[in-house]
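# Summary of structural features
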Amino acid sequence: MEFLCFHRDRPDSVALRDEWREEHWSYMDRFATGMIARGPTLADDGETPTGSLHIVDLPGSAAARAFAFDEPNYQAGVYRDVLLRRWRNTLRRRMWDFPGGPVGGHRYLVLALGAGQPADLAVPGDPDRLIAYGPLLSDDGTTWLGTALLVQAPDPDTARALLTARRYADVEVHNWQFGGRR
């Protein structure tokens with residue numbers, strides 16, 4: 001089962017995040033075979049981390065909760081909250097398979113929380129711009145709760161425009177970059 005886990009940083013937690021970097025990466029190494037996408041969200045300066053995204057294949061909801069809440073940065077207090085949802089890998093690929101590669105251009109995480117009937121279940125536009133795409137689902141995978149995507153786009157408005165307007169209660173667009181050991 002695929003899950004999207006987005007940890008949002010607490011304000012002023014950059015030093016603490018840096019202190020726990022190796023523990024975070026070592027923890028994520030344990031999940032490497034199931035990792036679909038990962039990486040930090042960044043402030044407008046393109047450098048200051050604001051959160052940490054992981055899309056990972058895990059055995060079930062209990063394993064996903066353990067993944068999210070046993071994570072060293074979470075345990076150390078780097079994060080203020082966690083969004084954890086089932087997710088379906090509509091593109092059927094991992095971020096490392098993205099034709100655009102890991103660098104170049106602007107990359108965004110778009111989180112759209114659903115309102116009403118499911119929307120945007122089919123892959124929109126040019127799939128070669130999409131790094132990851134899929135619906136956010138309830139724990140049992142039966143109820144649509146929104147849509148999440150990683151995309152290379154010229155700006156946040158273009159990234160947001162991939163989704164149907166006025167079909168979501170809230171849409172967040174975050175600067176994002178490919179993650180992993182550096």
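Relevant structure appears above.
The paragraphs below set out a description of the structure included in this document. (Residues numbered from 1 in each chain as written. Predicted model: local features only at pLDDT ≥ 70, side-chain atom pairs only at ≥ 80, totals over all residues. Heavy atoms only, no water.)

A count of helices and strands for the protein chain gives five helices and eight strands. Put simply, the protein chain runs from its N terminus to its C terminus through helices and strands in the order β-α-α-β-β-α-α-β-β-β-β-α-β. Relative to a compact globule of 182 residues, whose C-alpha radius of gyration would be 16 Å, the protein chain shows 15 Å and is just as compact. Looking at the 182 residues of the protein chain, the share that counts as buried comes to 49%. For the protein chain, the share of sequence-separated contacts (at least 6 apart) that also reach a separation of at least 24 residues comes to 75%. As displayed, the protein chain offers around 8,700 Å² of accessible surface, 49% of which is attributable to carbon and sulfur atoms. (Helix = DSSP H or I, 4+ residues; strand = E, 2+ residues; numbered from the N terminus. Rg over C-alpha atoms; globule rule 2.2 N^0.38 Å. Buried < 20%, exposed > 50% of the residue type's maximum accessible area, 1.4 Å probe, protein only. Contact = heavy atoms within 4.5 Å. Areas by Shrake-Rupley, 256 points an atom, 1.4 Å probe, with all protein chains shown as cover.)

All told, the structure shown has seven aromatic pairs when counted by the stated rule. Ring centres of Tyr27 and Phe31 lie 5.2 Å apart, and the angle between their planes is 55 degrees; on these two criteria the pair is classed as tilted. A relative accessible area of 7% places Tyr27 in the buried class. Owing to a relative accessible area of 16%, Phe31 belongs among the buried residues under this scheme. Between Phe31 and Phe67 the ring centres are 4.8 Å apart and the planes differ by 85 degrees, which places this aromatic pair in the edge-to-face class. Pair noted here: Phe31 is in the loop between helix H2 (21-29) and strand S2 (35-42) and Phe67 is in helix H3 (residues 61-70), with a separation of 36 residues, a long-range link. In textbook terms, an aromatic cluster arises when at least three aromatic residues are bridged by ring pairs, as seen for Tyr27, Phe31 and Phe67. Across the ring face of Phe3, the terminal group of Arg86 is positioned such that the distance to the ring centre comes to 6.0 Å. (Phe/Tyr/Trp six-rings, centres within 6.5 Å; stacked < 30°, edge-to-face > 60°. Lys NZ or Arg CZ within 6 Å of the ring centre and 35° of its normal.)

The next thing to look at is the sheet that holds strand S4 (residues 79-87). Taken together, eight strands build a closed barrel; the order of strands is S1-S3-S2-S8-S5-S7-S6-S4 and the barrel is antiparallel. Sheet twist, expressed as the average angle between the axes of neighbouring strands with direction ignored, equals 30 degrees. Two elements, S2 and strand S8 (residues 168-176), share two bridges in a ladder whose sense is antiparallel. Within S8, the position partnered with Thr41 by the bridge is Trp176. Most of the contacts of H2 go to S2, to which it runs at about 160 degrees, and overall it touches S2, strand S3 (49-57) and S4. (Pairing = 2+ DSSP bridges. Axes fitted to C-alpha atoms, helices over the stretch in contact; angles between N-to-C directions.)

The next subject is the nonpolar core. Residues Leu4, Leu53, Ile55, Trp87, Leu150 and Trp176 are the most contacted members of the largest nonpolar core, which totals 19 residues. Top element by residues in this core is strand S6 (residues 130-137). It accounts for three residues. Formed by 15 residues, the second largest nonpolar core is a distinct cluster that contains Leu91, Leu130, Leu149 and Leu162. (Core = buried A, V, L, I, M, F, W, Y, C linked by side-chain atoms within 4.5 Å.)

Before going further, it helps to spend a moment on H3. Looking at H3, one finds that the buried residues are Ser61, Ala64, Phe67 and Ala68. Seen end-on, H3 carries its buried residues on one side only, within an arc spanning 120 degrees. Among the structural elements, strand S1 (2-9), H2, S3, helix H4 (72-76) and S4 are those in contact with the buried residues of H3. (Arc of directions from axis to C-beta.)

Once that is clear, we can look at the side chain of His54. As for its position among the elements, His54 is in strand S3. The exposure class of His54 is buried, given its relative accessible area of 1%.

The subject of this paragraph is the environment of Gly77. Inspection of the secondary structure assignment puts Gly77 in the loop between H4 and S4. With 64 residues separating them in the primary sequence, Gly77 and Ser13 have C-alpha atoms 8.1 Å apart. Contact partners of Gly77, with chain neighbours within four places excluded, come to Arg10 and Leu16.

Turning our eyes to something else, we now look at unusual backbone geometry. Here the phi dihedral of Asp12 falls at roughly 60 degrees; this positive angle occurs in a residue that is not glycine. Within the element layout of this structure, Asp12 appears in the loop between S1 and helix H1 (14-19).

Structural measurements only, silent on function.
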